[in-house]
Amino acid sequence: MANPVRVIPADYREVHYLKLTTTSLLIWLNLLSLIPLVMSGLLVFGLLLVYHEELGAVLVIDALPNTIPTLPGLVLTLLVLPLHEWIHGQMIKRVGHEPRYGVKWMVLFATSKGGVFRRNEFIDVALAPLVIITSAGIVLMLFLPLGLAQWVGLAIVMNAAGAIGDLWMTVVALRYDRSVLVRDEEDSMRIFATQPAKET
């Protein structure tokens, strides 16, 4: 049974504020997104090679007949973006808050309507799309013909690269002990603690 935190207790104070859409951080995040992009790409296309043993076909999107044509395939792949935010929203519901969806700076987001998260709840919400989409996609690729599996693989890679903000916020949250509370504010986060920040 969820036991959500609705308000910041009186003995808590803000100890950290992170805004993801500052120019300097956006530049760094875009550069850092290459890390999950490359790592997931190696994983996905390595698995495609193992699953299908046709490296030449893996490297060409329309290598096999009956592959989804490029435009519909790209459209289906881009559906990973709203799926990512929907999973955030389901995790927000799971901890007892009401999700709110929107677009800011041409980027989709999911947040809660004024909800406050315990540190580990916040991390669960942040990482859920990366973990769920990657895991489900890898399993799904095993049962699909190569042409379709390639599009699923591309969606996994896109999702991993796009999760760099979630990964960054997770790293920041993990610098504090589990007693802290976190408020998500669309493109930023605020961390509250009962005493001076405990960084580990």
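Owing to the predicted nature of the structure, the values given are computational and were not obtained by experimental measurement. (Residues numbered from 1 in each chain as written. Predicted model: local features only at pLDDT ≥ 70, side-chain atom pairs only at ≥ 80, totals over all residues. Heavy atoms only, no water.)

1. Side note on the sheet that holds strand β1 (residues 13-19)
Stage number 1. In space, the 4 strands of this open sheet follow the order β1-β6-β5-β4, with antiparallel pairing throughout. The sheet terminates laterally at β1 and β4 (116-118), the two strands that pair on one side only. This sheet shows a mean twist of 25° between the axes of neighbouring strands, independent of strand direction.
Stage number 2. Where β4 and strand β5 (residues 181-184) come together, 3 bridges link them in antiparallel fashion. Of the residues in β5, the one forming a bridge with V116 is R183.
Stage number 3. Here helix α8 (residues 164-173) sits on the sheet and contacts β1 and β6 (188-193); the angle it forms with β6, its principal contact strand, is near 15°. (Pairing = 2+ DSSP bridges. Helix = DSSP H or I, 4+ residues; strand = E, 2+ residues; numbered from the N terminus. Axes fitted to C-alpha atoms, helices over the stretch in contact; angles between N-to-C directions. Contact = heavy atoms within 4.5 Å.)

2. Re the environment of E14
Stage number 1. Inspection of the secondary structure assignment puts E14 in strand β1.
Stage number 2. By relative accessible area, E14 is classed as partly exposed at 35%.
Stage number 3. Between the C-alpha atoms of E14 and V182, which are 168 residues apart in sequence, the distance is 9.3 Å.
Stage number 4. With residues near it in sequence (within four places) discarded, E14 still touches R190, I191 and F192.
Stage number 5. A distance of 3.1 Å separates polar atoms of two side chains, one belonging to E14 and the other to R190. (Buried < 20%, exposed > 50% of the residue type's maximum accessible area, 1.4 Å probe, protein only. Polar contact = N/O pair within 3.5 Å; in protein donor to acceptor, adjacent residues only side chain to side chain.)

3. Side note on the layout of surface pockets
Stage number 1. Quantified by volume, the largest pocket comes out at close to 930 Å³.
Stage number 2. Among the elements of the structure, α1 (23-32), α5 (80-94), β3 (107-112), α6 (119-143), α7 (146-162) and α8 are those that each provide at least two residues to the lining of the largest pocket.
Stage number 3. A total of 5 residues in the lining of the largest pocket trace back to one element, the largest contributor, which is α5.
Stage number 4. Here the second largest pocket defines a volume of roughly 270 Å³.
Stage number 5. As for the second largest pocket, its lining consists of 16 residues, and the residues nearest its centre are L76, L83, L140, V152 and A155.
Stage number 6. Of all the secondary structure elements, the ones that give two or more residues to the lining of the second largest pocket are α4 (70-78), α5, α6 and α7.
Stage number 7. The dominant element in the lining of the second largest pocket, judged by the number of residues it contributes, is α7, at 5 residues.
Stage number 8. Its residues placed into classes, the lining of the second largest pocket shows 13 nonpolar, 3 polar and no charged. (1 Å grid on protein atoms, 1.4 Å probe; cavity = no way out; pocket = protein on both sides within 12 Å on 5 of 7 lines; lining within 4 Å. Points joined across faces, edges and corners; volume = space filled by probe spheres on them. Nonpolar A, V, L, I, M, F, W, Y, C, P; charged D, E, K, R; others polar.)

4. Describing unusual backbone geometry
Stage number 1. Phi angles above zero are rare outside glycine, and E186 is one such case at about 65°.
Stage number 2. Within the secondary structure, E186 is located in the loop between β5 and β6.
Stage number 3. By relative accessible area, E186 is classed as partly exposed at 26%.

5. A closer look at the packing of α4 against α5
Stage number 1. Between α4 and α5, whose axes approach to 5 Å, the crossing angle comes to 15°. Relative to α5, the element α4 is oriented roughly parallel. Listed contacts from α5 to L76, T77 and L78 of α4 are V80, L81 and P82.
Stage number 2. When its residues are assigned to classes, the contact of α4 with α5 shows 5 nonpolar, 1 polar and no charged. (Parallel < 35°, antiparallel > 145°, perpendicular 65-115°, else oblique.)

6. Observations regarding the confidence of the model for the protein chain
Stage number 1. Of the residues in the protein chain, 88% have a pLDDT of 70 or more, and the chain-wide mean is 86.
Stage number 2. Contacts from residues 55-66, a stretch scored under 50 in pLDDT, to residues over four places away or in other chains number 21 contacts. (pLDDT = per-residue confidence, 0-100.)

7. Side note on the side chain of T77
Stage number 1. Inspection of the secondary structure assignment puts T77 in helix α4.
Stage number 2. Apart from residues no more than four positions distant in its own chain, T77 is found in contact with W151, L154, A155 and M158.

8. A few points about the pairing of strand β2 (residues 99-104)
Stage number 1. Bridge count between β2 and β3: 6 bridges; the pairing is antiparallel. Pairing of R100 across the sheet is with T111, part of β3.
Stage number 2. Counted between consecutive antiparallel strands, the loop separating β2 from β3 contains 2 residues, among which W105 sits at a positive phi close to 55°.

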